[in-house]
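Each chain is listed here by its residues.
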Amino acid sequence: MCGITGAFAPDSWRDRVKAMTDSLRHRGPDDVGFVELRSREGAICGSFGHRRLSILDLSTAGHQPMMWRDGRFSLTYNGEIYNYLELRAKLEQSGEWFRSTGDTEVLLGSWAVHGPNALANLRGMFALALWDRDLGKGYLARDAFGIKPLYVAETSGGVLFSSEIRSLLASGALNRRLSPNALASYLCTGSVAEPATIIDGVFAVPAGCYVEVTRSGDRVVVGQPIRFASPLDPTDEEPLGLAAAGSQLRDALRDSVRHHLLSDVPVALFLSGGLDSSAVVAVASEVSDRRLESFTITFAEAAYSEAAPAREVAEKFRTQHHEIPLSGHDLLNALPDVFAAMDQPSLDGLNTYVVSRAVKAYGIKVVLSGLGGDELFAGYPSFHRANYVAPLWKLPANVRRFGAAGASRLTDIRAEKVGVMLNNPSPALGAYTASRTLFGDRHVRALMGSAYPSPEDRDSTDSLEESRYSLLQQVSIYELSGYMRNTLLRDSDVFSMAHGLELRVPFVDREVVRAAARSADAAKLKRGFPKPLLAEAMRDLLPPALLGRPKQGFTLPFEQWMRRELFPEVDAVLGSSAVNSVGLSTHSMGAVWQDFQQRRSGMNWSRPWALYTLMRWAAQNGVYFDRAVATERIPITAAG
């Protein structure tokens, strides 16, 4: 796990790349590397930078950027290839040989043999940049789920890329200007939907895609994305019943966890007390020959704390368990460091920051998380809503539009969500969109005023051939490529790597996803019984009480803390004159804060906290809103 930076340019841009690389020291405190890129004729074509967190092959043989032995390919890479031993064995059978014992050289060798086709064979999380000296061409690529981030900016002098947006800003080549489309996206959902980012002119390489970077006249340009993998491919296989699907899932999860435990340093576990993280702990304890450490955040607010079930799981599997108490005052004191680590404004992720800080203090470098379970096993309300409202899509579209128009005119946010749902072309997309809506269209328009972009201009939902998937598979894909990618994975990466901690997600694995998708929809929903498919797979490992326990959700007690310990801080920020710097209406922001204080129906903590986070993040990074910039071109779009 590392941080990668670089430039494709007629000059090396050494100083810019060095500044970007230095800004990523937190991601890779163990080593630093830099290499100039040259053409076959010897002309300078840019440079790569690397910050290393040593996990596999701790020797200098794993140093990056790494060059293939004939000098043709140079690579800077962030992530883990979990099937690298299998890939290495195949390459050695064909006559290749390796100097190191890690996955980086295997990735480089796979590219040397197969070119971009090598990407489809990778099982893992990765973001990479590769230079082909003979072709005079660069490549940027990202794993199928978007677990690892990769951001790019086209400038007049060349193309910059990095693992973090703040690193690109450290280059000095970009304006610190908010993107209007991304600002609207953030207000809608609490995070910016890819491929856009909060900074005008900076875009994410789409998940499961690579892009080519080439010279075009006197400019260096980024080509359109070429897809090599998707979160879930359609299949003609007959859906399995609960027992058969549970058995296949158990095998896939055991295999995934075994691969995710590969490390030359100790591995720990996040344990929230819910079914997902408990399943990971159970399987990890089953396949590992080491005693594992587990970590749980606890709260004095009993309604939010899962200390007791987490303790029960830890005792059952004999992990070395650590409880990390967190109070509102603790969080208040941590906020300066949180915003110093945050790469884009986000409604979520503070829990990951806190627990990652504690884990790192114990000297841990790698941790496994249960992230992804809700997306695969119908753990979110969006799955139940889609199943419940699906009959409405048998009605004529104009009837749904009439109902949507009526609901959207109501001032209650929950009623507005009904309008959002009915306005979508399918029950899956409607249920997903309604579940993830923070501020509806009317509220976003009021907050942004004349800078408000039309919904069509900011729509970035991945296209999906819904007829090739079941209803719950559709919802799962929307959750995987939407909320999970844009919020959970992004925040997990940023806030764990802020402490030099590698966070691995064994549920977000191609084989586990395929196994989960094999089940019939009926096996994923059971009234009063959460995640029956995962429970079936775990029924001989986990306590029965845990298998039937209602989903609680791992969140901080914001509702209480924002009325007590955090109130003066949030009140001061939302009432400051700096509101104008982010381009939002002072009156509308004040109304949101007042509605929360007065406990107006539907106005929970998330909406004022999202506005507060935006303000603090913008101030932290010197970012501003320019009303002269109403729209911007998005050069990188998701490949079909």
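In short, a report on the structure. Keep in mind the model is a prediction, meaning the values are calculated, not measured.

Conventions and cut-offs
- Counting starts from 1 at the beginning of each chain's written sequence and moves along it residue by residue.
- Totals for whole chains, interfaces and linings use every residue, but because this is a predicted model, local features are given only for residues with pLDDT of at least 70 and side-chain atom pairs only at 80 or more, for both listing and counting.
- Hydrogens and waters are ignored; side-chain quantities use all the structure's heavy atoms.
- Each Phe, Tyr or Trp ring (for Trp, its six-membered ring) is paired with any other whose centre lies within 6.5 Å, and the angle between the two planes then decides the class: stacked below 30 degrees, edge-to-face above 60, tilted in between.
- Secondary structure elements follow DSSP: runs of H or I no shorter than four residues count as helices, runs of E no shorter than two count as strands, and numbering proceeds from the N terminus.
- Each residue is assigned to one of three classes by its accessible area relative to the maximum for its type, calculated with a 1.4 Å probe on protein chains only: buried under 20%, partly exposed between the two thresholds, exposed over 50%.
- The angle between axes fitted to the seven residues ending at a residue and the seven residues starting there is what we call the bend at that residue.
- What makes a salt bridge here is a side-chain nitrogen of Lys or Arg within 4 Å of a carboxyl oxygen of Asp or Glu, nothing more.
- A pair of strands counts as paired when DSSP detects no fewer than two bridges linking them.
- Comment: axis = line fitted to C-alpha atoms, over the contacting stretch for helices; angle = value between 0 and 180 degrees taken between N-to-C directions.
- Should any heavy atoms of two residues lie within 4.5 Å, those residues are counted as being in contact.

## Observations concerning the packing of aromatic side chains
Here the structure, examined in full by the defined rule, presents 20 aromatic pairs. For the ring pair Phe48 and Phe161, a centre distance of 5.7 Å and an interplane angle of 80 degrees mean the geometry is edge-to-face. Highlighted residues: Phe48 in strand β3 (residues 44-52) and Phe161 in strand β9 (residues 159-162), separated in sequence by 113 residues. The two residues Phe48 and Phe161 agree in class, both being buried.

## What to know about helix α18 (residues 471-497)
Along its length, α18 shows its largest kink, about 60 degrees, at Met484. Counting buried positions along α18 gives 27 out of 27 residues, so the element sits mostly inside the fold.

## So, the pattern of salt bridges
This structure, assessed with the given rule, holds 39 salt bridges. Between Arg133 and Asp134 there is a salt bridge whose closest N-O contact spans 3.1 Å. We classify Asp134 as partly exposed; its relative accessible area is 26%. Measuring nitrogen to oxygen at the nearest pair gives 3.3 Å for the salt bridge that ties Arg254 to Asp251. Here Asp251 and Arg254 lie together in helix α6 (residues 242-260), a separation of three residues that amounts to about one turn. Exposure remark for Arg254: the relative accessible area of 21% places this residue in the partly exposed category.

## A short note on the pairing of strand β5 (residues 73-81)
Of all nine residues making up β5, nine are buried, and the element is well covered by its neighbours. On β5, burial covers both faces: Phe73, Leu75, Tyr77, Gly79 and Ile81 on one face and Ser74, Thr76, Asn78 and Glu80 on the other are all buried. The sheet contact formed by strand β4 (residues 66-67) and β5 spans two bridges and is antiparallel. Across the sheet, residue Met67 finds its bridge partner in β5, namely Ser74. Linkage of β4 to β5, two consecutive antiparallel strands, is achieved through a turn of five residues, within which Gly71 is found at a positive phi near 85 degrees. Both β5 and strand β6 (residues 124-132) contribute to a ladder of nine bridges, which runs antiparallel. Bridging from a neighbouring strand, Asn78 pairs with Ala127 of β6.

## A word on unusual backbone geometry
Residue Pro65 is bonded to the preceding Gln64 through a cis peptide linkage, with omega at -5 degrees. As for its position among the elements, Pro65 is in the loop between β3 and β4. Here the amide bond leading from Glu194 into Pro195 is cis, since omega sits at 10 degrees, within 30 degrees of zero. Within the secondary structure layout, Pro195 lies in the loop between α5 (180-189) and β10 (202-204). Positioned with a positive phi, Trp13 is a non-glycine residue whose angle comes to about 50 degrees. Tracing the chain through its elements places Trp13 in the loop between β1 (2-8) and α1 (14-22). Positioned with a positive phi, Arg318 is a non-glycine residue whose angle comes to about 55 degrees. Position of Arg318 among the secondary structure elements: in the loop between α8 (307-316) and β16 (320-325).

## Brief notes about the sheet that holds β9
Pairing is antiparallel in the open sheet, where six strands are placed in the order β2-β3-β1-β9-β8-β10. The open sheet has two edge strands with one neighbour each: β2 (31-38) and β10. Within this sheet the neighbouring strands show an average axis-to-axis angle of 15 degrees, counted without direction. Its contacts with the sheet place α1 against β1, β2, β3 and β9, and it is angled at close to 15 degrees to β3.

Geometry only, nothing functional implied.
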